[in-house]
2 protein chains.
Amino acid sequence: MTPKVSPLAPSEYATLPQVGGVRLAAASAGLKYRDRDDVMVMVFDRPAAIAGVLTRSRCPSAPVDWCRANLPGGAARVLVVNSGNANAFTGKRGAAATALTAQMAADAAGCERGEVFLSSTGVIGEPLEAARFDGILQQAIGRAQPEGWDAAARAIMTTDTFPKLATRTAAVDGMAVTLNGIAKGSGMIAPDMATMLAYIVTDAPVAAPLLQALLNRHVNATFNAITVDGDTSTSDTVLAFATGVAEIPALTDLDDPRLAPFEAALADLMGDLALQIVRDGEGVSKLMRVDISGAISDESARIIALSIANSPLVKTALAGGDANWGRVVMAVGKAGEPADRDRLDIRFGDLVAATDGERAPDYDEAAMTDYMRGDEIRIAVDLNLGEGAFTAWGCDLTADYVAINADYRS
Amino acid sequence: MTPKVSPLAPSEYATLPQVGGVRLAAASAGLKYRDRDDVMVMVFDRPAAIAGVLTRSRCPSAPVDWCRANLPGGAARVLVVNSGNANAFTGKRGAAATALTAQMAADAAGCERGEVFLSSTGVIGEPLEAARFDGILQQAIGRAQPEGWDAAARAIMTTDTFPKLATRTAAVDGMAVTLNGIAKGSGMIAPDMATMLAYIVTDAPVAAPLLQALLNRHVNATFNAITVDGDTSTSDTVLAFATGVAEIPALTDLDDPRLAPFEAALADLMGDLALQIVRDGEGVSKLMRVDISGAISDESARIIALSIANSPLVKTALAGGDANWGRVVMAVGKAGEPADRDRLDIRFGDLVAATDGERAPDYDEAAMTDYMRGDEIRIAVDLNLGEGAFTAWGCDLTADYVAINADYRS
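Criteria and cut-off values
Residues numbered from 1 in each chain as written. Chains lettered and ligands numbered in written order. Predicted model: local features only at pLDDT ≥ 70, side-chain atom pairs only at ≥ 80, totals over all residues. Heavy atoms only, no water. UniProt positions renumbered as here; feature names shortened; annotations may be inferred. Buried < 20%, exposed > 50% of the residue type's maximum accessible area, 1.4 Å probe, protein only. Domains from an automatic or database assignment. Contact = heavy atoms within 4.5 Å. Buried area = accessible area lost by both parts, 1.4 Å probe. Salt bridge = Lys/Arg side-chain N within 4 Å of Asp/Glu carboxyl O. Polar contact = N/O pair within 3.5 Å; in protein donor to acceptor, adjacent residues only side chain to side chain. Nonpolar A, V, L, I, M, F, W, Y, C, P; charged D, E, K, R; others polar. Helix = DSSP H or I, 4+ residues; strand = E, 2+ residues; numbered from the N terminus. Pairing = 2+ DSSP bridges. Right-handed = clockwise from strand over helix to strand, strands pointing away. Axes fitted to C-alpha atoms, helices over the stretch in contact; angles between N-to-C directions.

A word on the UniProt feature "binding site: substrate" (unreviewed entry) in chain A
Thought 1: With numbering matched to this structure, UniProt assigns "binding site: substrate" (unreviewed entry) to T158, K184, T195, E282, N405 and S410 of chain A.
Thought 2: Judged by relative accessible area, T195 of chain A falls into the buried class, the value being 0%.

Set out below in structure tokens:
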């Protein structure tokens, strides 16, 4: 199956500038794909500060274990990511494969294994033959270039139909710093080939603990606010690297007033990458934005928003262009969070579907049907109970999703 | 869309015998459907003991509110169920519609409104014009007959492709008592037209509190162990009635040694009806049985079993005949319950897919592919941590599910 590009793909892909201190390369190890790259490396000539957020799956992949063990060190010299094989549920052989890969990378870069970070995405349960990387990895590390972003983003694609790239700049201390990011994923998050991976690199001198704090602060409203099918990968990984090449005094403190523009740019970049993943949701034809307000807390709003965005019946209604607000009520009800049926207000776009727990008096089916023809649908629910709010992003559920995932492995 | 009968439908529908003390009738009120019945009544000439389990949705339908208010009374004279309109999210008009319907039924049967029980299934958010029942209800209650089971089961169908009927007998005190049940549903549980409704009637003299205790004890492994899409209806209702016509001393105590055969028959009947609902899952082509063992508790096993049975990726793999055990690992991991990746054993049918956290040494792809061609697939996961066990029932996710639910309302 050769998937066509998602109809919701951006009209242009971002062109990423160089970021001082990082070089990239892509290569082909022939793990699964033919005629395309399936490995990428990022090389940091001086140790970069690193922070990360990893899957909460109780059955994580071997590379996730590897990253979790190395993150406390706070320093990165090499990142190696392969597509085609997730090295997940591969037992002791999986751990051995990560160790061997890291050793090859460390030898080639002249660093410690503790400074090597790894991700794998692809089929679960197939042993990863790390020996295939031998020679290829060393060669890629040697020839990595500052302009390798696009090739790197393409090498980590699996069921993705377009590469995911984003860049931002921020003025810190009167100096422009750059933030680049690449990501892959077309499910939030599917295990086989739709794992979410994202890598962000900045030349700003951000200390590792601060970078981690910033990542934690913004991951909830970005990468954790998207869903394609509610399935959580064994391999989900978001890593952020700060090379510190920009010549400004180091950022180490959350209270540093210089931090605000950098933090804003980082949050914006994370949101951009996250949304690109939804826009490449498997089989997607419509983007769904769910705005919850009036919940008893932000956390309660988050649970309700994801209950709606993950509901197969809301998602199929979207696919059919049906403003089926009854299914939205159902999804609010099943979330288990405080909700008063008779106080719910529900809108699609700016059109009021229901108010005070029943169909709006001026409900206009024709206007609603017209709105539902669009490819970006906003569902807003006001619970009228409190101040809690959250926005989640999802997509519709189409016959193409079924076709992609029913055919996938074989 | 005229749905064909589910390929997993039973080859024969059960023929239900009469149960002393209950009469049934079906009628057409023209709420939504043409050329078919859309209302059914059950009439108990003497008050029957009643017990019930209702949806946990925070946004229940008006008839659910009605039943919840009347259940503590413990006595039923009439049950009225309509299809085509769920009377859910209809605000004050919804409550008024239930009150009017109950009043008409009470007047016709010569009983109190508190002895009338109601269910509605169909579109959400459309006001139910209870005035349409006027005359029809009274006439149906008058002509109800002991042999009306099949017509009643058909009148409550919505997206169901076959009527769901089951019967059992049990010897209590040397006397045969009968248990009949009918149900509807083809999602566990979809809101619009796939709500799960089930009604069980026995002539055994079971006191209401005991009947409730038995229902509570067995609902978890039956009606709450099935899933089609993980969506919970605003209207799910299971009611059990005991007419007490069988001439044996009343059953009132859980410790009564005469109870065992009755309880076994009841549990078996509930399981039978529940499984018929899954077999009519929207778009279903394969039945999925998920057996979890070795969890730290039965509750933990239940959460893991439903995580697997509800996973869109496991369900699409099934649709594709793919023994994708990697997706099973994913679903175990995302459940959030204690699991040790490296101790998992996974089987499809009797074939071992994975053991000790990696692909089984003697994994046989050809045998597995052959097994996956069947229409009843058993996925067994042993967590090897404790004694907790649970069995859930689900089905695959097909393009037909999407088509049914994308087209439904319009």
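Having seen the structure, we can now continue with the description.
Topic: the domain arrangement of chain A
All names here are of chain A.
Thought 1: When cut into domains, chain A gives domain 1 (22-279) and domain 2 (287-407).
Thought 2: Domain 1 and domain 2 are separated by 33 Å when their C-alpha centres are compared.
Thought 3: Tallying the contact residues gives eleven residues for domain 1 and 14 residues for domain 2.
Thought 4: Note on domain 1 versus domain 2: buried area summed over both sides is about 1,100 Å², and carbon and sulfur give 59% of it.
Thought 5: Of all residues in domain 1, A225, T227 and V228 give up the largest surface area on contact with domain 2, accounting jointly for 37% of the area buried on that side.
Thought 6: Taken together, the links from domain 1 to domain 2 amount to one salt bridge.
Thought 7: A salt bridge links R279 to E376; its shortest N-O distance comes to 2.7 Å.
Thought 8: The interface formed by domain 1 and domain 2 contains four residue pairs in polar contact (both at pLDDT 80 or more).
Thought 9: Partitioned by chemical class, the residues of the side of domain 1 that touches domain 2 number five nonpolar, four polar and two charged.

Describing the pattern of salt bridges
Thought 1: Going through the model one piece at a time under the given rule, you end up with 40 salt bridges over all chains.
Thought 2: Of the charged contacts in the structure, one is a salt bridge between R378 of chain A and D291 of chain A, with a shortest N-O distance of 2.5 Å. Of this pair, R378 of chain A sits in strand β13 (residues 376-382) while D291 of chain A sits in strand β9 (residues 287-295), and the two are 87 residues apart along the sequence.
Thought 3: As a salt-bridge pair, R217 of chain B and E263 of chain B come within 2.8 Å of each other at their nearest N and O atoms. Here R217 of chain B is found in helix α5 (residues 208-219), whereas its partner E263 of chain B is found in helix α6 (residues 259-279), with 46 residues between them in sequence.
Thought 4: R217 of chain B gets classed as partly exposed once you look at its relative accessible area, which sits at 45%.
Thought 5: The network of salt bridges with common partners includes D160, K164, K184 and D280 of chain A.

Describing the pairing of strand β8 (residues 237-242) of chain B
All names here are of chain B.
Thought 1: Along β8, six of the six residues are buried, which leaves the element largely enclosed by surrounding structure.
Thought 2: In this structure, strand β2 (residues 39-54) lies alongside β8, joined through six bridges in antiparallel fashion. When the sheet's bridge partners are listed, A49 is paired in β8 with A242.
Thought 3: The pairing of strand β7 (residues 197-202) with β8 spans six bridges and is classified as parallel. Bridge pairing in β8 places Y199 opposite L239.
Thought 4: For the segment spanning β7, α5 and β8, crossover handedness is right-handed.

Details of the interface of chain B and chain A
Thought 1: Listed per partner, the contact involves 67 residues of chain B and 67 residues of chain A.
Thought 2: Interface of chain B and chain A: buried area, both sides summed, is about 5,100 Å²; carbon and sulfur atoms make up 54% of it.
Thought 3: Here chain B is connected to chain A by six salt bridges.
Thought 4: Between E358 of chain B and R93 of chain A there is a salt bridge, with its nearest N and O atoms 3.0 Å apart.
Thought 5: Mapped onto the side of chain B that touches chain A, the elements with two or more residues apiece are α1 (62-70), α2 (91-109), α8 (312-319), α9 (325-334), β12 (358-359) and α11 (399-407) of chain B.
Thought 6: Among the elements that make up the side of chain B that touches chain A, the one with the highest residue count is α9 of chain B (eight residues).

A word on the sheet that holds β9 of chain A
Note: strands within a sheet are paired through backbone hydrogen bonds, in either parallel or antiparallel orientation.
All names here are of chain A.
Thought 1: Sheet architecture is open: six strands sit in the order β12-β11-β10-β13-β9-β14, paired in mixed fashion. Where the open sheet ends on each side, the last strands, each with one partner, are β12 (358-359) and β14 (388-395).
Thought 2: In terms of strand pairing, strand β10 (residues 345-348) meets strand β11 (residues 351-355) through three bridges, oriented antiparallel. Bridge pairing in β11 places R347 opposite V352.
Thought 3: Sitting on the sheet, helix α10 (residues 365-372) touches β10, β11 and β13, and the angle it makes with β11 is about 120°.

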